[in-house]
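# Understanding the architecture of this molecule
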Amino acid sequence: MRLLQNAFYIERVKPLLTRGKQKYKEFLAEIKQKPLYIRILFRVLVVFAFILLYLIAVDINFLWLFGSSPKIGDLNNPKYEITSELYSSDGKIIGKYYDVNRTPVKYDDISPLLIKTLIATEDSRFYKHHGIDVQSSFSVFWYMLKGKKRGGSTITQQLVKNLYKTRSNYSRGLLGHIPVLSTIIYKTKEWDNALKIELFYSKNEILAMYLNTVDFGSNAFGIHTASKTFFNTTPDKLTLSQSATLVGMLKAPTLYSPILNPAKSLERRNVVLGQMQKSKLITQEQFDEISRKPLETDYHQGSDDEGNANYFSYAVARYLRDWLKQKGYDLYKDGLKIYTTVDSRMQTYAEEATTEQMKILQRSFDQQLRNNDPWTDEKGRPLAGFMDNIIKQDPYYKTLKKRFGDKNDSINYFLNRKHKMTVFTWKGERDTTFSHIDSLKYFNRFLHAAFVSMDPSNGQIKSWVGDIDFNYFKFDHVKQAKRQPGSTFKTFVYTAAIDNGYGPCDEVTDSPVTINYTENGEQKTWSPHNVTGVFTGQSATLKYAFAHSINSIAVQLTKKLGWQKVIEYAHKMGITSQLENVPSVAIGSSDVSLYELVNGYCPIVNGGYRVEPMLVTRIEDKDGNLIEEFKPKATRIFSEETAFLMCQMLRGGLSEPGATTQALFSFDLFRSKIEMGGKTGTSQNLSDGWFVGVSPKLIGGAWVGGEYRSIHFRSNSMGEGCKTALPIFGRYMEKVLKDARYDYLKVGFTKPGVKISKNYSCHTVLPPKDTLQLDSVQMDAF
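Residues numbered from 1 in each chain as written. Predicted model: local features only at pLDDT ≥ 70, side-chain atom pairs only at ≥ 80, totals over all residues. Heavy atoms only, no water.

Here we come to the overall build of the protein. Check the secondary structure of the protein and you find 28 helices and 18 strands. Taking 782 residues into account, the globule formula puts the C-alpha radius of gyration at 28 Å, and the protein, at 37 Å, lies well above it. When its C-alpha atoms are laid out on the principal axes, the protein stretches across 135 × 85 × 70 Å. Considering only contacts within the protein whose residues lie at least 6 apart along the sequence, 71% involve residues at least 24 apart. By element, 53% of the accessible surface of the protein is carried by carbon and sulfur atoms, the whole surface being about 38300 Å². Put simply, the protein has 102 plus and 81 minus side-chain charges, and the middle of one group is 9 Å from the middle of the other. (Helix = DSSP H or I, 4+ residues; strand = E, 2+ residues; numbered from the N terminus. Rg over C-alpha atoms; globule rule 2.2 N^0.38 Å. Contact = heavy atoms within 4.5 Å. Areas by Shrake-Rupley, 256 points an atom, 1.4 Å probe, with all protein chains shown as cover. Lys, Arg positive; Asp, Glu negative; His and termini not counted. Charge placed at Lys NZ, Arg CZ, Asp CG, Glu CD.)

Taken as a whole and judged by the stated rule, the model has 36 aromatic pairs. Here the aromatic rings of Tyr517 and Trp563 are separated by 6.2 Å at their centres, their planes lie at 75°, and the arrangement is edge-to-face. One end of the pair, Tyr517, is in strand β9 (residues 515-519); the other, Trp563, is in helix α23 (residues 563-573), with 46 residues separating them in the sequence. Overall, the relative accessible area of 11% leaves Tyr517 in the buried class. According to the relative accessible area criterion, Trp563 is buried, its value standing at 14%. Taken together, Phe424, Trp426, Phe434, Tyr442, Phe443, Phe446, Tyr472 and Phe473 form an aromatic cluster joined through their ring pairs. (Phe/Tyr/Trp six-rings, centres within 6.5 Å; stacked < 30°, edge-to-face > 60°. Buried < 20%, exposed > 50% of the residue type's maximum accessible area, 1.4 Å probe, protein only.)

The 5 strands lie next to each other as β7-β6-β18-β17-β16, forming an open sheet whose pairing is antiparallel. Edge positions in the open sheet fall to β7 (461-465) and β16 (677-682), since each of these has one partner strand only. The sheet shows a mean angle of 10° between the axes of neighbouring strands, taken without regard to direction. Sheet topology places β16 next to strand β17 (residues 688-694); 6 bridges connect them, and they run antiparallel. Pairing of Lys679 across the sheet is with Val692, part of β17. In the packing of helix α28 (residues 726-738) onto the sheet, the strands contacted are β6 (447-454), β7, β16, β17 and β18 (699-706), and the crossing angle to β6 comes to about 45°. (Pairing = 2+ DSSP bridges. Axes fitted to C-alpha atoms, helices over the stretch in contact; angles between N-to-C directions.)

This paragraph deals with the packing of helix α6 (residues 155-164) against helix α7 (residues 181-200). At their nearest, the axes of α6 and α7 sit 8 Å apart, and the two run at 105° to each other. Judged on the interaxial angle alone, α7 and α6 are roughly perpendicular. On the side of α6, the interface is formed by Thr156, Gln157, Leu159, Val160, Lys161 and Tyr164, while α7 contributes Lys187, Glu190, Trp191, Asn193, Ala194, Ile197 and Glu198. Residue composition of the contact of α6 with α7, by class: 6 nonpolar, 3 polar and 4 charged. (Parallel < 35°, antiparallel > 145°, perpendicular 65-115°, else oblique. Nonpolar A, V, L, I, M, F, W, Y, C, P; charged D, E, K, R; others polar.)

In this structure, Arg618 sits in strand β13 (residues 616-620). Taking the relative accessible area as the measure of exposure, Arg618 reaches 29% and is therefore partly exposed. Along the sequence, Arg618 and Asn685 sit 67 residues apart, while their C-alpha atoms lie 44 Å from each other. Once residues lying within four places of it in the same chain are set aside, the contact partners of Arg618 are Lys337, Ile338, Tyr339, Leu626, Glu628, Glu629 and Phe630. Only 3.2 Å separates the side chain of Arg618 from the side chain of Glu620, close enough to count as a polar contact. (Polar contact = N/O pair within 3.5 Å; in protein donor to acceptor, adjacent residues only side chain to side chain.)

One finds Phe312, Ile338, Trp464, Tyr494 and Tyr732 to be the most contacted residues of the largest nonpolar core, which totals 147 residues. Residue contacts for Trp464: discarding those within four places in its chain leaves Tyr311, Phe312, Ala315, Gln347, Phe451, Val452, Asp476, Val478, Lys479, Tyr595 and Leu615. Formed by 44 residues, the second largest nonpolar core is a distinct cluster that contains Leu211, Ala226, Val247 and Val272. (Core = buried A, V, L, I, M, F, W, Y, C linked by side-chain atoms within 4.5 Å.)

Moving on, we come to the pattern of salt bridges. Evaluated as defined, the whole model comprises 26 salt bridges. Residue Lys735 is joined to Glu352 by a salt bridge in which the shortest nitrogen-to-oxygen separation is 3.5 Å. With Lys735 in helix α28 and Glu352 in helix α15 (residues 344-369), this residue pair connects regions lying 383 residues apart in the sequence. Note on Glu352: relative accessible area 34%, which makes it partly exposed. Within the structure, one salt-bridge network assembled from shared partners comprises Glu352, Glu356, Arg731 and Lys735. (Salt bridge = Lys/Arg side-chain N within 4 Å of Asp/Glu carboxyl O.)

Strands sit in the order β2-β1-β3-β13-β14 across an open sheet of 5 strands; the sheet is mixed. Looking at which strands have only one partner, the edges of the open sheet turn out to be β2 (93-97) and β14 (626-629). When the angles between neighbouring strand axes are averaged without regard to direction, this sheet yields 20°. Bridge analysis of β13 against β14 gives 3 bridges, and the strand direction is antiparallel. When the bridges of β14 are listed, Glu620 appears paired with Leu626. Against the sheet, helix α13 (residues 310-319) contacts β1 (84-87), β2, β3 (337-340) and β13, and its axis sits at roughly 55° relative to β2.

Before going further, it helps to spend a moment on the side chain of Thr642. Among the structural elements, Thr642 can be located in helix α25 (residues 640-655). Setting aside its immediate chain neighbours within four residues, Thr642 contacts Thr495, Ile498 and Asp499.

On to the state of the cysteines. For the structure on display, the rule yields 1 disulfide. With its sulfur 2.0 Å from that of its partner, Cys505 forms a disulfide with Cys762. The S-S bond linking Cys505 to Cys762 shows a torsion near -100°; that makes this disulfide left-handed. Of this pair, Cys505 sits in the loop between α20 (490-498) and β8 (507-509) while Cys762 sits in the segment after α28, and the two are 257 residues apart along the sequence. Summarising the burial analysis for this pair, Cys505 and Cys762 share the class buried. The structure places no disulfide on Cys647, whose sulfur is separated from the nearest cysteine sulfur, that of Cys602, by 11 Å. (Disulfide = S-S within 2.5 Å.)

Moving on to unusual backbone geometry. Even without glycine at this site, Arg370 takes up a positive phi of about 55°. Residue placement: Arg370 occurs in the loop between α15 and α16 (386-393). Its identity is not glycine, yet Leu686 carries a phi of approximately 65°, on the positive side. Position of Leu686 relative to the elements: it lies in the loop between β16 and β17. A relative accessible area of 13% means that Leu686 is categorised as buried.

Now the structure itself:
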């Protein structure tokens, strides 16, 4: 075979190569005989052909030698990462999502002073070239041959570099690792694509795109974010001094940062002003006046949780996760405009109310502890091994364990090593020196809280407070956390009862009750008690029993209805968590979130419709085009009569004598015609305090508790839901109702459109205490 190949080469190929070589020599000899101008023209054509082939090779990344280059489509529709913005229902930005903090602006939204400053400093012949400044380019090569670096890129070339990362490893190619040659290649790419960009876009569009892509440091990408970050202004309002400072930063954002290096930034600003004076864009007097002034900054570092609804921002990101995946959008890069249901003013009131109440509670909690550890067992005794378990669950401990294995001495050394840190306090951040164990003990002493409010007619969320401080406690207790809801769950028991024949004025005896049931194949007996520890033996209306959270009566109803029926109604009304199929579910033994609990009260207020919680109303793309509009979803689950009667039951918390919801009377809420009701709840050992308050057009719920169930108040007088959670709702509604913009909330519950077949107007009148024991059941249960 090898002999045949050699024979073929000798007989066929070699003669062809020989003849080709001979023809080429004859052609060159013929050219040499031509006139001079033809010889010059030939050489020019050869050089032109070489350059054309070189440009094509670079553009198509021939044999992977030159690295990737942007395609025509990329140039015609350049893409860069844009911050997505979260808007409240009243048009305020309440959050942002980004990997790169950039909000693009149009040319008309940029100060002319900034444009003049940029051109004078970066590309004085910008309007005279078409992407390549030949004069500047020759000077670059001259300095490069002398071993010196000098920038000669036009603004258009810099835009190419910013947009397409022409100097990144991805764009390098095999030849890109060779010194000098790599410079020639990436310069070629920038020249080539600069010419293309100049064909597609006007000069003004190029300037705007450039300023939108520049990195100014401090996590500020683009002129809009930089103006906000360093001067708390917008690009159209930048002064000459501010413009010079920002343009000066382009050379080296960190080195010339007015925050990190103010002296060098001042010096650089004056260099830029000098360049403008040299270009006669400002007078000598203007230069002298401005250059003498100190730097004036108003620093506002952006963050992806900026705004006053940080927990809500993260909740929206989770809420939209499936939608984003289905539609193919990237929340952190595509510049979406997300319009939400949250009212920024109500959000502020909710945060204020939570903060005010939690400051008071934490002070009371600390006074009760008297420097003792807050984690205790059911009898109030210190919980052995609590901190050891917390430490072993901590990510830092797991990292140390992975590193040192069974070397406990090394692990304990790092856990107990002191270092400086900033910690949260209710008086503001405080610098201190803690070990890691110290910090875990310190932060676990804090009580936590959550609050959410919504419009019961459509499920639109109006405020959302996930905890006491987002910077230090990022876990969201509105939706992520699930705890025992205590007596707030009895609302579902009584709704099931009312919808299945009972009425608010029906009477049941407060007496012991025992339920025999099977759980996981095991026979069990459950005999709950009232929080007072006694049973009065007296009859009480359902309205009174509900208002006083009498366990025995709620459990008797559950026994007659079946706890499966109670679970069915809870799920129908809005509870989505899995509930234990046990009778104790009636008094709140199964964990639920505040989010679903508050939503579960909506059908009572809106006439019997389950509404899905709404966080977002519509989403637009970066250009303002509508992508999706979200509509309320409502499904009737019980009759208008049942809804009306349960409203009366919730209002009974204010009208029945001694009911715990009457703590609302301590707030300035009832000067108007607004009608309210509510239900308190307290879980076992006072671990969780709850309250859900209702009014015709706004309902809200609050939760208060420790990070762990063993962290709690030790007395009913301080730890019940009416003392911990209810005041958050009271403070919130007080602030909202004092705002004239919410006068529409000051109304009564809608009169029923159907005939009410059951009596609901009963009102308990208590005789003197020595003749009746009903008054002893005045404490919220479980």
